[in-house]
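# Examining the three-dimensional arrangement
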Amino acid sequence: MSDVVLETKGLVKHFPITQGILFKSKVGAVRAVDGVDLQLRRGETLGVVGESGCGKSTLAKLLVGLEKPTAGSINVRGEDMVKLQGAALRRARRNIQMVLQDPYTSLNPRMTVGDIIGEPFEIHPEVVPRGGRERAVQDLLDTVGLNPDHINRYPHQFSGGQRQRIGIARALALKPEIIVCDEPVSALDVSIQAQVINLLERLQDEFGLSYIFIAHDLSVVRHISDRVAVMYLGKVIETGHDQAIYEQPTHPYTQALLSAVPVPDPRLRGHRDQIVLEGDVPSPANPPSGCRFRTRCWKAQDVCAQQEPLLQIRERSPHPSACHFAEVRDVVHGR
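Quick caveat, the model's predicted, so the values are computed rather than measured.

## Section: the overall build of the protein chain
Each helix and strand in the protein chain was counted, giving eleven helices and twelve strands. Computed over its C-alpha atoms, the radius of gyration of the protein chain comes to 21 Å, within 12% of the 20 Å expected for a compact globule of 335 residues. Its C-alpha atoms give the protein chain principal-axis dimensions of roughly 65 × 60 × 45 Å. Looking at the protein chain as a whole, 50% of its 335 residues are labelled buried.

## Overview of the packing of helix α5 (residues 160-172) against helix α6 (residues 190-207)
Where α5 meets α6, the closest approach of the two axes is 10 Å, and the angle between their N-to-C directions is 20°. Classified by the angle between their axes, α5 and α6 sit roughly parallel to one another. Once α5 is placed against α6, the crossing between them reads as right-handed. Contact residues: α5 offers Gly161, Arg165, Ile168 and Leu172, while α6 offers Ile192, Gln195, Val196, Leu199, Leu200 and Leu203.

## Considerations on the state of the cysteines
Applying the stated criterion across every chain yields a total of zero disulfides. There is no disulfide at Cys54, and the cysteine sulfur nearest it, in Cys291, is 15 Å away. A residue is classified by how much of its surface remains accessible, and Cys54, at 3% relative accessible area, is buried. Considering cysteine sulfurs only, Cys291 is the nearest to Cys304, which forms no disulfide, with 5.9 Å between them. Look at Cys304 and you get buried, because its relative accessible area is 6%.

## Focus: the pattern of salt bridges
Within the structure shown, the criterion is met by 15 salt bridges. The shortest N-O distance in the salt bridge between Glu327 and Arg316 comes to 3.1 Å. With a gap of eleven residues between them, Glu327 in the segment after β12 (317-321) and Arg316 in the loop between β11 (312-314) and β12 connect regions that are remote in the sequence. Residue Arg316 is classed as exposed on the basis of its relative accessible area of 55%. Residues joined by salt bridges that share partners form a network here, namely Arg90, Arg94 and Glu126.

## Section: the nonpolar core
Residues Ile168 and Phe213 are the most contacted members of the largest nonpolar core, which totals 56 residues. Counting only domains with at least three residues in this core, you end up with domain 1 (4-95 + 176-321) and domain 2 (111-167). In terms of nonpolar packing, the next biggest core, distinct from the first, is built from 29 residues, Leu38, Leu46, Leu59 and Met231 among them.

## Let's talk about the pairing of strand β10 (residues 235-241)
In terms of burial, β10 is largely enclosed, as six of its seven residues are buried. Inspection of the sheet shows strand β9 (residues 227-232) paired to β10 by six bridges, in the antiparallel sense. For Tyr232, the partnering residue across the bridge sits in β10 and is Lys235. Counted between consecutive antiparallel strands, the loop separating β9 from β10 contains two residues, among which Leu233 sits at a positive phi close to 50°.

Conventions used here
By convention here, each chain's residues receive numbers from 1 onward along its written sequence. Only residues with pLDDT of at least 70 are given local features in this predicted model, and only at 80 or more are side-chain atom pairs given and counted; all residues enter the totals for whole chains, interfaces and linings. To obtain the side-chain values, all non-hydrogen atoms of the structure were used and water was disregarded. Numbered from the N terminus, helices here are DSSP runs of H or I no shorter than four residues, and strands are runs of E no shorter than two. Just to be clear, the radius of gyration here is over C-alpha atoms, and the globule rule we use is 2.2 Å times residues to the power 0.38. Each residue is placed in one exposure class: buried if its accessible area under a 1.4 Å probe, protein chains only, is under 20% of its type's maximum, exposed if it is over 50%, and partly exposed if it falls in between. Note on geometry: axes are C-alpha line fits, over the in-contact stretch for helices, and angles between N-to-C directions span 0 to 180 degrees. Note on terminology: angles under 35 degrees are roughly parallel, angles over 145 are roughly antiparallel, angles of 65 to 115 are roughly perpendicular, and the others are oblique. The hand of a helix crossing depends on one turn: near helix anticlockwise from the far one by less than a right angle means left-handed, and clockwise means right-handed. Note on contacts: a residue pair qualifies if any of its non-hydrogen atoms lie within 4.5 Å across the two residues. Two cysteine sulfurs form what is called a disulfide whenever their separation falls within 2.5 Å. Here, a salt bridge means any Lys or Arg side-chain nitrogen found within 4 Å of an Asp or Glu carboxyl oxygen. Among the buried residues, those of types Ala, Val, Leu, Ile, Met, Phe, Trp, Tyr and Cys that are joined through side-chain atoms within 4.5 Å form a nonpolar core. Residue ranges for the domains originate in an automatic or database domain assignment. Two strands pair under a simple rule: DSSP has to find at least two bridges between them.

Put into structure tokens, the structure is as follows:
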């Protein structure tokens, strides 16, 4: 456990649903994140995947403290971030930073690049003395592949890929050990995506960073991740090493996701076992009983409605899977 830098246990975030104008009353809750257990080890990248609305971005906000969890714990280097307050919380939050999704809205257009990257130094003045902050910002610009002389330019003077590099430089300012990347390349062109991914990998090797990499593009996640966690309706339903998840998926939802990934090799396209899910994603305010995927699953039986499957290794599953009938299925070759 000594190499575990981040661990969540039973992490829950429910957003209350209220009615009334003057006297609001709670009538339910949106279960955005509903009992998530994760571990991130030193120097590794944990990819988090799932369709829109499964709770990925809410999970990211919980990890960096932008949302307060309803229940559960977030341990960073043995300290529970949920229980910390005041100066202790501010100190602990230095160690976990975030790269946001949209480089066009995540940077203040009224601030120069120097002010944007240097703002963390104003909040944590003990990191860099005031007299050395301009030099520190220039070093960060150089680290992410931008011209240090552009320190006084504004965000609108940069391209989308360059803006995301500015966001990465800002995340690096406090020398964190963990960076949460919330779909950092989804708003970029494919060629620029590759450049940003290569930059993240280089920075990881150079500074020993650990990443939580959240994305909906399975090919990007496979390229950068060491381990993968698959989310569905607020829960992690399968987790394992990247090769195991992509080549030996055991949960029906994971198999359906992977069957939708385009296959570049024309020799394999005719053998693709494509799985088309029926029905819509249930509402997180009223999830199905038992297994949350059962309303769209071709394997569903009575036990799936009665008993929620735990995330664990099973007889036919080489890695943890939250399915009563988990078994390996090769969706590419149809086996």
